[in-house]
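In case you want the letters, here they are:
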Amino acid sequence: MQAVVVGLLMGAVYGLMALGLALLFGVMRTINFAHGAMFTLGGYAFVVVSEATGVPSALAVLAAPVAAFAVGWLVHASLLSPRPDSNVRYTDYVLIVTFAVTIVMVNGATIVFGPQFRRPPSISPETVQVLDLALGADRFVAAATAVLAAAALWVVLRYTFTGRAWRAMAQNPIGATVVGIDEKRAHRSAFATACGLAGVAGGVLAPLTSVFPNSGVTPLLISFVVLVIGGLGSMAGALLGGLLVGVVTSLGVVYVSSAYSDIYAYVLMLAVLLIRPAGLLTRATRTY
Amino acid sequence: MSSTRQNRLWSAATILVVAALVAGCGESAGDGATTVPAEGDQPELKLAVVTSLSEPGVFELGTEQADAVQACVDWNNANDTGVTIDLVGIEDDRGDPAVARAAVNRLIGEGAHAFVGDITSALSEAVLPLIDENEAFFVLGTSWADELTGPDHPTVFRVGVANSSLATDGVLPYLTDLAESEGVSSIGILAEDSSFGRGLLTALEQGIEERLPEGTAVHSEIYPANSTDVTPQLLALGGASPTPEVVAILAASAARNLAIPQAFEVGLAPDAELLASWDWPTYGDFWEVAGDRGVGVRFVAFETPERSATAEAAVMTEALGEESSIWAKWAWDACRTLAEAAADAGTVEREALQAAIEELSFEGATGLIDFATEDDRYHDRSGIPMYIVSFGEENAAFADAELVYSAG
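Since this is a predicted model, take the numbers as computed values, not measurements.

Parameters and conventions
Residues numbered from 1 in each chain as written. Chains lettered and ligands numbered in written order. Predicted model: local features only at pLDDT ≥ 70, side-chain atom pairs only at ≥ 80, totals over all residues. Heavy atoms only, no water. Helix = DSSP H or I, 4+ residues; strand = E, 2+ residues; numbered from the N terminus. Rg over C-alpha atoms; globule rule 2.2 N^0.38 Å. Buried < 20%, exposed > 50% of the residue type's maximum accessible area, 1.4 Å probe, protein only. Contact = heavy atoms within 4.5 Å. Areas by Shrake-Rupley, 256 points an atom, 1.4 Å probe, with all protein chains shown as cover. Polar contact = N/O pair within 3.5 Å; in protein donor to acceptor, adjacent residues only side chain to side chain. Buried area = accessible area lost by both parts, 1.4 Å probe. Nonpolar A, V, L, I, M, F, W, Y, C, P; charged D, E, K, R; others polar. Right-handed = clockwise from strand over helix to strand, strands pointing away. Pairing = 2+ DSSP bridges. Axes fitted to C-alpha atoms, helices over the stretch in contact; angles between N-to-C directions. Salt bridge = Lys/Arg side-chain N within 4 Å of Asp/Glu carboxyl O. Phe/Tyr/Trp six-rings, centres within 6.5 Å; stacked < 30°, edge-to-face > 60°. Patch = residues over 30% accessible without salt bridge, like charges linked within 9 Å, V, L, I, M, F, W, Y side chains within 5 Å. Left-handed = near helix turned anticlockwise from the far one by under 90°. Core = buried A, V, L, I, M, F, W, Y, C linked by side-chain atoms within 4.5 Å. Domains from an automatic or database assignment. 1 Å grid on protein atoms, 1.4 Å probe; cavity = no way out; pocket = protein on both sides within 12 Å on 5 of 7 lines; lining within 4 Å. Points joined across faces, edges and corners; volume = space filled by probe spheres on them. pLDDT = per-residue confidence, 0-100. Disulfide = S-S within 2.5 Å.

**Description of the overall build of chain A**
Step number 1: Helices and strands together make up the secondary structure of chain A, namely 13 helices and two strands.
Step number 2: Here chain A has a C-alpha radius of gyration of 19 Å; the compact-globule value for 288 residues is 19 Å, and the two agree.
Step number 3: Judged by the C-alpha coordinates and their principal axes, chain A covers about 60 × 50 × 35 Å.
Step number 4: For chain A, buried positions account for 54% of its 288 residues.
Step number 5: Put simply, of all contacts in chain A between residues at least 6 apart along the chain, 76% involve residues at least 24 apart.
Step number 6: Only carbon and sulfur atoms are counted for the fraction: they give 70% of the accessible area of chain A, which is about 12200 Å².

Below, the structure is given as structure tokens:
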């Protein structure tokens, strides 16, 4: 049972990371390779604001999504908005550019912060007793933040013009443009929001796993697995996939063998692809 | 001219150029490896360093290594040691085995026939085929996998520890002492999935079975080397029956520091004592990550907090202009090993130099340097002192650490 609790808590954050990728894939039909770098940026933003201002961690962590959102907005405005004047497809162009952005951000972080681990103060230093397991409250804060962020995104999608524009772009990009939705603007806001979600994940996990220039690499890889399990572009699928990956990995380590802890998520992905090649909740993509 | 014919001509020309380049490189590497001419009446050692000088390699240790070798070369050439050292180059492998391999290849092409480096076993493992093929010398300091030295690699020596000696001369004596003096009967091991982690795990499991009292329970868990969350593995350790009273952490990468707060988080510590398998708590970001939970963590060190007091260590401190860590001292000793042996042999010819290193015995910065030639510890040093130390307060430096146990 302890393994399930730990798995669910980590899985919620995996889901949060994948949520941003799912949103982006739904709206822009592409993948942001800089998603892991935005995760790292969120962690560093939390560390810097916390050290520079001394404000409580619960406030300092808000810098994480703000910084990642702002950088995401800038990246889109400066690098992704101008369409390439060549035969390269736009989706491929985004992949290449965001890969380059990752390299720049990781090296920039090394230059600015050094390769050392940085750890912001705990958001909630208490211990939470679940069953006979005492876990740091930061894990629960991370999981609760993931749930809240997912709920907020659902509200935006349902009840705001921006959300409706994203849904329209996801369902029919040409039709959406015809009825007056600004494609560039919808893409930019979706890209920045996805980056912001990665930033949130990086911020809330920083007290648990610390930040270093490459700290976004492993979460990015897990996010891709989660995305495939849940179904490309499906937000509910991203959350479900995250929880499944967290629980299966944790149970596998505790009850099967820790020697294979790297592969449980991939085995799960292969199993899902065999049973439901499009992912667990792909249909949700079309209806949100 | 038809385009097909033109293409064929271009292909033939390209093949000729590549073949000429390959032949040239091979000739140069071969020359450098076997028949390096002596300058004047003393031999000239063509030395090179390949180590991690930037991220994601362990650049802090690599930089220390490089600085120590540079200081060793400068000191050697400024003193009458009977050998001249030409430092062919110091190359950064960035922690990437492929980059390390390319760097060694390039340096061999430039005439290097002796190497000092590399930081990790995986990196050293990657360059070994080139070392063997070119009969170059490689003196290791911080690569600990047992397989790196052995009769299959006759020109490879190690001045630092090997996994097996770390287990038998460092960790096991301490665990035995805990079992005898405090009745510890359950041991947990958290090992990263790497040449170092798995190698040390195997050595420890064998040693515990042979040396600890019968009935001592051992439970081990392995985690991916790139992981930053080892709570599932720590939960599994905590759930073992009987619960471990000591948990040895065999790690070199990201989770080495993180495992400490996470062990507290899952309730494994402080009931279980945490034992770091090398002196990483004396480095960089330990306190940043572990915080006050790092107080009381015990770790294996290779010198006492007073630091090594050999005459050679004093020479090194003067040459470097500052006190150095054990990692830098191993690099200095590696450089000095090659220089001393070349001076003894009066040549850098391969067989003579190998024989001279095997017969070498001198007081280095880290103590007596001599190498075994028996198969089980072939070309490894024996008698490296090991200690168990810990910090009594947060943010303490190594000089302030407390000596807990002297493993001999």
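From this point, the narrative continues.
**Examining the side chain of S227(B)**
Step number 1: Within the element layout of this structure, S227(B) appears in the loop between β7 (217-224) and α7 (231-238).
Step number 2: For S227(B), the side chain forms a polar contact with the main-chain oxygen of D229(B), separated by 3.2 Å.

**Things to note about the interface of chain A and chain B**
Step number 1: The partner chain B presents 27 residues to the 30 residues of chain A that form the contact.
Step number 2: Between chain A and chain B, a total of about 2400 Å² is buried, with carbon and sulfur atoms accounting for 54% of that surface.
Step number 3: Together, F117(A), R119(A) and S258(A) form the three largest contributors to the area buried by chain A at its contact with chain B, with a combined 23%.
Step number 4: Inspection of the region where chain A meets chain B yields seven residue pairs in polar contact (both at pLDDT 80 or more).
Step number 5: Listing elements by their share of the side of chain A that touches chain B, those giving two or more residues are α1 (2-28), β2 (133-136), α9 (183-209) and α11 (235-256) of chain A.
Step number 6: Broken down by class, the residue content of the side of chain A that touches chain B amounts to 14 nonpolar, eleven polar and five charged.

**Considering the pairing of strand β4 (residues 137-140) of chain B**
Looking along a regular strand, one sees the side chains alternate between the two faces of the sheet.
All names here are of chain B.
Step number 1: On β4, burial covers both faces: F137 and V139 on one face and F138 and L140 on the other are all buried.
Step number 2: Once the chain exits strand β3 (residues 114-117) it traverses helix α4 (residues 121-133) before rejoining the sheet at β4, and the crossover so formed is right-handed.
Step number 3: As paired elements, β4 and strand β5 (residues 156-158) share three bridges and run parallel to each other. Within β5, the residue paired with F138 across the bridge is V156.

**Some words on the sheet that holds strand β2 (residues 84-92) of chain B**
Residues and elements named next belong to chain B.
Step number 1: Taking strand neighbours across the sheet as the criterion, the five strands line up as β2-β1-β3-β4-β5 in an open arrangement whose pairing is parallel. Of all strands in the sheet, those with a lone pairing partner are β2 and β5, marking the two edges. Mean inter-strand twist for the sheet, computed between neighbouring axes without regard to direction, equals 20°.
Step number 2: In the packing of helix α2 (residues 59-78) onto the sheet, the strands contacted are β1 (44-51), β2 and β3, and the crossing angle to β2 comes to about 165°.

**Concerning the pattern of salt bridges**
Residue and element names in this part refer to chain B.
Step number 1: In total, this model carries 17 salt bridges over all chains according to the counting rule given.
Step number 2: Residue D86 pairs with K46 through a salt bridge whose shortest N-O separation is 2.8 Å. With D86 in strand β2 and K46 in strand β1, the pair connects residues that are 40 residues apart, well separated along the chain.
Step number 3: Between R106 and E91 there is a salt bridge, and its shortest N-O distance comes to 2.8 Å.

**Overview of the packing of aromatic side chains**
Step number 1: Enumeration according to the criterion identifies 23 aromatic pairs over all chains in this entry.
Step number 2: Ring geometry for W154(A) versus Y159(A): centroids 6.0 Å apart, planes at 80°, classification edge-to-face.
Step number 3: Taking the relative accessible area as the measure of exposure, W154(A) reaches 45% and is therefore partly exposed.
Step number 4: A residue is classified by how much of its surface remains accessible, and Y159(A), at 56% relative accessible area, is exposed.
Step number 5: Geometrically, the ring pair formed by W144(B) and F196(B) is edge-to-face, given 5.6 Å between the ring centres and 70° between the ring planes. One end of the pair, W144(B), is in the loop between β4 and β5; the other, F196(B), is in helix α6 (residues 195-211), with 52 residues separating them in the sequence. Each member of the pair, W144(B) as well as F196(B), is classed as buried.
Step number 6: One aromatic cluster is present, formed by W144(B), F196(B), W278(B), W280(B), Y283(B), F302(B), W327(B) and W330(B) through successive ring pairs.

**Topic: the environment of L148(B)**
Residue and element names in this part refer to chain B.
Step number 1: Position of L148 relative to the elements: it lies in the loop between β4 and β5.
Step number 2: It is 28 Å that separates the C-alpha atoms of L148 and A259, two residues lying 111 residues apart in sequence.
Step number 3: In contact with L148, other than residues within four places in its own chain, are S121, S124, E125, L128, L140, S143, H153, V156 and R158.

**A short note on a nonpolar patch on the surface**
Step number 1: On the surface, W154(A), V155(A) and Y159(A) cluster together into a nonpolar patch covering about 350 Å² of accessible area.
Step number 2: Here W154(A) is to be found in helix α6 (residues 137-159).

**Quick look at the packing of helix α3 (residues 97-109) of chain B against α4(B)**
Residues and elements named next belong to chain B.
Step number 1: Where α3 meets α4, the axes come as close as 8 Å, and the angle between the chain directions of the two elements is 35°. In this structure, α3 crosses over α4, and the sense of that crossing is right-handed. Here P97, A100, R101, V104, N105 and I108 of α3 come into contact with α4, specifically with A122, L123, A126, V127, L130 and I131.
Step number 2: The residue makeup of the contact of α3 with α4, split by class, is ten nonpolar, one polar and one charged.

**Some remarks on the nonpolar core**
Step number 1: With 187 residues, the main nonpolar core has V245(A), L47(B), W144(B), L175(B), F302(B) and L338(B) as its most contacted residues.
Step number 2: The biggest single contributor to this core is α1(A), with 18 residues.
Step number 3: Here this core spans two domains, and each of domain 1 (41-161 + 308-371) and domain 2 (164-301 + 386-406) of chain B adds at least three residues to it.
Step number 4: Not counting the four nearest positions on each side in its chain, V245(A) is found in contact with Y14(A), I222(A), V225(A), V226(A), I229(A), A265(A) and L268(A).
Step number 5: Within the second largest apolar cluster, 21 residues are counted, among which are A103(B), F115(B), V127(B) and L130(B).

**Re the sheet that holds β7(B)**
Residue and element names in this part refer to chain B.
Step number 1: Strand order in this open sheet of seven strands is β7-β6-β8-β9-β10-β13-β14, and the pairing throughout is mixed. Where the open sheet ends on each side, the last strands, each with one partner, are β7 and β14 (402-406). Ignoring which end each strand starts from, the neighbouring axes of this sheet average 25° apart.

**Describing the layout of surface pockets**
Step number 1: Looking at the second largest pocket, its volume works out to about 490 Å³.
Step number 2: If you trace the second largest pocket, you find 25 residues lining it, with R119(A), S122(A), D138(A), P261(B) and R293(B) closest to the centre.
Step number 3: Elements represented by at least two residues in the lining of the second largest pocket include exactly β2, α6 and α9 of chain A together with α8 (255-265) and α9 (286-290) of chain B.
Step number 4: When residues of the lining of the second largest pocket are assigned to their parent elements, the largest contribution, four residues, is made by α8(B).
Step number 5: Classifying every residue of the lining of the second largest pocket gives twelve nonpolar, six polar and seven charged.

**Focus on the confidence of the model for chain A**
Step number 1: Overall, the prediction assigns chain A a mean pLDDT of 88, with 97% of residues at 70 or greater.
Step number 2: Segment residues 284-288 of chain A is flagged for pLDDT under 50; beyond a separation of four residues in sequence, or across chains, it makes 14 contacts in the model.

**Quick notes on the state of the cysteines**
All names here are of chain B.
Step number 1: What the rule picks out here adds up to one disulfide over all chains.
Step number 2: Residue pairing for C72: its cysteine sulfur links by disulfide to C335, the two sulfurs lying 2.0 Å apart. Disulfide C72-C335: the torsion about the S-S bond is -80°, which places it as left-handed. One end of the pair, C72, is in helix α2; the other, C335, is in helix α11 (residues 326-345), and 263 residues separate them in sequence.
Step number 3: Take C72: its relative accessible area is 0%, and that puts it in the buried class.
Step number 4: Classification of C335 as buried rests on a relative accessible area of 0%.

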